[in-house]
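# Geometric and topological summary
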Amino acid sequence: MYRMRRWVVRHSRVFETIYRRFEPLLIKLDPVWRRLGHERIEGPVKVVEKAVKGALFDCQMCGQCILSATGMSCPMNCPKSLRNGPCGGVRANGHCEVKPEMMCVWVDAWEGSRRMKHGDRIDAVQLPVDHRLTGTSAWLREVRQQKGTSSSTANSETTK
């Protein structure tokens with residue numbers, strides 16, 4: 001998975017484009033999601049989301065995806081779970097101080113964001129992780145947020 005997530009970062013512009021086309025489709029399907037019930041479809045959507053994002057980004061399913069703001073590098077892969085940039089221990093070669101065999105996810109994030117059309121989103125300060133949302137679908141949360149649909153977890157959402 002490590003190799004794949006590094007490959008995705010190198011091709012972050014392509015994945016940004018894919019996501020920019022995928023998100024409107026998810027939002028257009030909101031009437032379907034509401035008819036079926038967000039709570040009822042959470043399970044199946046979460047399974048698909050975890051499979052896709054897990055394979056591509058080594059997604060940790062925090063429920064508050066910010067890949068589009070971090071150069072397609074998931075900050076939850078940071079051993080310290082830092083969401084707003086690297087710690088002070090990034091090695092001179094760009095590797096992690098905790099896992100020396102791993103490139104710092106924030107070094108990758110910066111590299112990936114420089115390739116993206118909207119790469120300046122990396123400058124936005126992210127809210128801390130709400131661990132109550134761990135294991136939930138960020139895709140459905142984004143639909144609810146865009147459509148203003150209330151849900152039991154919709155009130156504690158963070159920006160994508």
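The following paragraphs examine the structure supplied in this document. The structure presented is a predicted model; accordingly, all values stated were derived computationally and were not measured. (Residues numbered from 1 in each chain as written. Predicted model: local features only at pLDDT ≥ 70, side-chain atom pairs only at ≥ 80, totals over all residues. Heavy atoms only, no water.)

Along the chain, Pro24 falls in helix α2 (residues 12–28). Its relative accessible area of 37% is what places Pro24 among the partly exposed residues. Between the alpha carbons of Pro24 and Ala51 there is a distance of 20 Å; along the sequence they are 27 residues apart. (Helix = DSSP H or I, 4+ residues; strand = E, 2+ residues; numbered from the N terminus. Buried < 20%, exposed > 50% of the residue type's maximum accessible area, 1.4 Å probe, protein only.)

This next bit is on the state of the cysteines. Under the criterion given, the structure shown has 0 disulfides. In this structure Cys62 is a free cysteine whose sulfur lies 6.1 Å from that of Cys74, the closest cysteine sulfur available. Judged by its relative accessible area of 9%, Cys62 falls in the buried class. Left unpaired, Cys74 is separated from the closest cysteine sulfur, that of Cys59, by 5.5 Å. Owing to a relative accessible area of 10%, Cys74 belongs among the buried residues under this scheme. (Disulfide = S-S within 2.5 Å.)

Charged atoms that come close allow side chains of opposite charge to pair. One pass over the full model with this rule turns up 8 salt bridges. Between Glu23 and Arg20 there is a salt bridge, with the nearest N and O atoms lying 3.6 Å from each other. Here Arg20 and Glu23 lie together in helix α2, a separation of 3 residues that amounts to about one turn. Owing to a relative accessible area of 26%, Arg20 belongs among the partly exposed residues under this scheme. Here Glu111 ties to Arg115 by a salt bridge, and the two come within 2.9 Å at their closest N and O atoms. (Salt bridge = Lys/Arg side-chain N within 4 Å of Asp/Glu carboxyl O.)

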